Amino acid sequence: MRINLLILGGTTEAKALAQAVAKAEIPAIFSLAGRVARPLDQPVPMRSGGFGGVEGLCDYLRREAITHVVDATHPFAAQMSRNAVAACANVGVPLIALSRAPWHAVDGDQWQRVPDMAGAVAALAGPRRVVMLAVGRMHLAEFAPNPQHRYLLRLVDPPEAPLPLPDCHVIVARGPFSEAEDRALMQEHGVEIVVSKNAGGRGAEAKIAAARGLGLPVIMIDRPAIPARREASDVAEVLDWIAHSGTDGAGTDLGV
């Protein structure tokens, strides 16, 4: 069977996978949600934008004769991951997730774990503080019920419209960042608390280590639930899966 791989990207792991499949000369398409104005170039052909839900993704898989799908999206891109599980099962295309392990609190961490974004908003109720809000542009409006705080935001792209937070400072920059950089940033702006998704991996961990070193509390948002699927922890495992996986017609992987 001639492989035609779809990589659902947007993470450092997805970029590493794209580099590996390009080196191995495996035909692949790298798909992005289209939320970043200036995405980084990839060594394989790219597409940008949504598919139109499960039905749209099913149509795309059939139209492009996709043989394998790797979900290497952000751990909080839950809707895309759910759609991938449903569409691959419907069309009968093998699916694997290239997943990064979540962060776990260690000595020195002062975490308040919350189940979702609403829990983080509730946890910020109270007196004015300087908050490093590291949740991504799409979730900023959810924190509008807490306008009393001074928010430090770090965004990949400049805001195109007024932000829903009346007192905020925006830094436009693309990571990864070092622990020393994030520590200096927090000190410069007098950050008193950090709000973060539990993204896991090393690319965004610097702010967590910096908060630990400064003795700052962190509101840590747990990951959303994703339907059961096959998962890999590194690129080599994905490449081995591509080389050996087949399908029983219902998207179930068979060792061959």
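Refer to the structure printed above.
Report on the accompanying structure. Note that the coordinates shown come from a computational prediction; the quantities given were computed from them, not determined experimentally.

**Some details on the pattern of salt bridges**
- Under the counting rule described, the total for this entry stands at ten salt bridges.
- Here Asp-71 makes a salt bridge to Arg-229, at a shortest N to O gap of 2.9 Å. With Asp-71 in strand β4 (residues 68-71) and Arg-229 in the loop between β11 (218-221) and β12 (231-232), this pair connects stretches of sequence that are 158 residues apart.
- Residue classification places Arg-229 among the partly exposed residues on the basis of a relative accessible area of 23%.
- The shortest N-O distance in the salt bridge between Asp-182 and Arg-154 comes to 2.6 Å. Here Asp-182, found in helix α5 (residues 179-189), pairs with Arg-154, found in strand β8 (residues 150-155); they are 28 residues apart in sequence, far enough to count as distant.

**Some points on unusual backbone geometry**
- Pro-176 follows Gly-175 through a cis peptide bond whose omega is 10°.
- The phi dihedral of Glu-25 is positive, around 60°, even though this residue is not glycine.
- Tracing the backbone through its elements, the reader meets Glu-25 in the loop between α1 (12-23) and β2 (28-32).
- At Ala-65, a residue that is not glycine, the phi angle is positive and equals roughly 55°.
- Inspection of the secondary structure assignment puts Ala-65 in the loop between α2 (53-63) and β4.
- Judged by its relative accessible area of 47%, Ala-65 falls in the partly exposed class.

**Here we look at the nonpolar core**
- One finds Ile-7, Leu-17, Val-21, Val-70 and Val-238 to be the most contacted residues of the largest nonpolar core, which totals 21 residues.
- Contributions of two or more residues to this core are made by β1 (5-8), α1, β2, β5 (95-98) and α7 (235-244).
- If one sorts the elements of this core by residue count, α1 sits on top with five residues.
- When residues no more than four places from it in sequence are discounted, the contact partners of Val-21 are Leu-5, Ile-7, Ile-26, Ala-28, Val-44 and Leu-239.
- Listed in part, the 19 residues of the second largest apolar core include Val-114, Val-121, Ala-123 and Val-195.

**Notes on α5**
- Turning to α5, its buried residues number three or more, namely Asp-182, Leu-185 and Met-186. Looking down the long axis of α5, one finds its buried residues gathered within 95° of arc, a one-sided arrangement. Summarising the geometry of α5, the exposed residues directed more than 90 degrees from the buried face are Ala-180, Gln-187 and Glu-188.
- Looking at the buried positions of α5, the neighbouring elements they touch are β7 (130-134), β8, β9 (168-172), β10 (193-197) and α6 (206-214).
- At the exit of α5 stands Gly-190, carrying a positive phi of roughly 65°.

**Describing the pairing of β4**
- The alternating pattern of β4 places His-68 and Val-70 on one face and Val-69 and Asp-71 on the opposite face, and all of these are buried.
- Where β4 lies against β5, three bridges are found, and the strand directions are parallel. When the sheet's bridge partners are listed, Asp-71 is paired in β5 with Ala-97.
- Each parallel crossover has a hand, and the one from β4 via helix α3 (residues 78-91) to β5 is right-handed.

**Observations regarding the sheet that holds strand β3 (residues 46-48)**
- Taken in spatial order, the six strands line up as β3-β2-β1-β4-β5-β12 in an open sheet, and their pairing is parallel. Each edge of the open sheet carries a strand with a single partner, namely β3 and β12.
- Relative to β2, β1 runs parallel, the two sharing four bridges. Opposite Leu-5, over in β2, you have Ala-28 as the bridge partner.
- Docked against the sheet, α3 engages β1, β4 and β5, running at close to 160° with respect to β5.

Reading the values: the criteria
- Residues numbered from 1 in each chain as written.
- Predicted model: local features only at pLDDT ≥ 70, side-chain atom pairs only at ≥ 80, totals over all residues.
- Heavy atoms only, no water.
- Salt bridge = Lys/Arg side-chain N within 4 Å of Asp/Glu carboxyl O.
- Helix = DSSP H or I, 4+ residues; strand = E, 2+ residues; numbered from the N terminus.
- Buried < 20%, exposed > 50% of the residue type's maximum accessible area, 1.4 Å probe, protein only.
- Core = buried A, V, L, I, M, F, W, Y, C linked by side-chain atoms within 4.5 Å.
- Contact = heavy atoms within 4.5 Å.
- Arc of directions from axis to C-beta.
- Pairing = 2+ DSSP bridges.
- Right-handed = clockwise from strand over helix to strand, strands pointing away.
- Axes fitted to C-alpha atoms, helices over the stretch in contact; angles between N-to-C directions.

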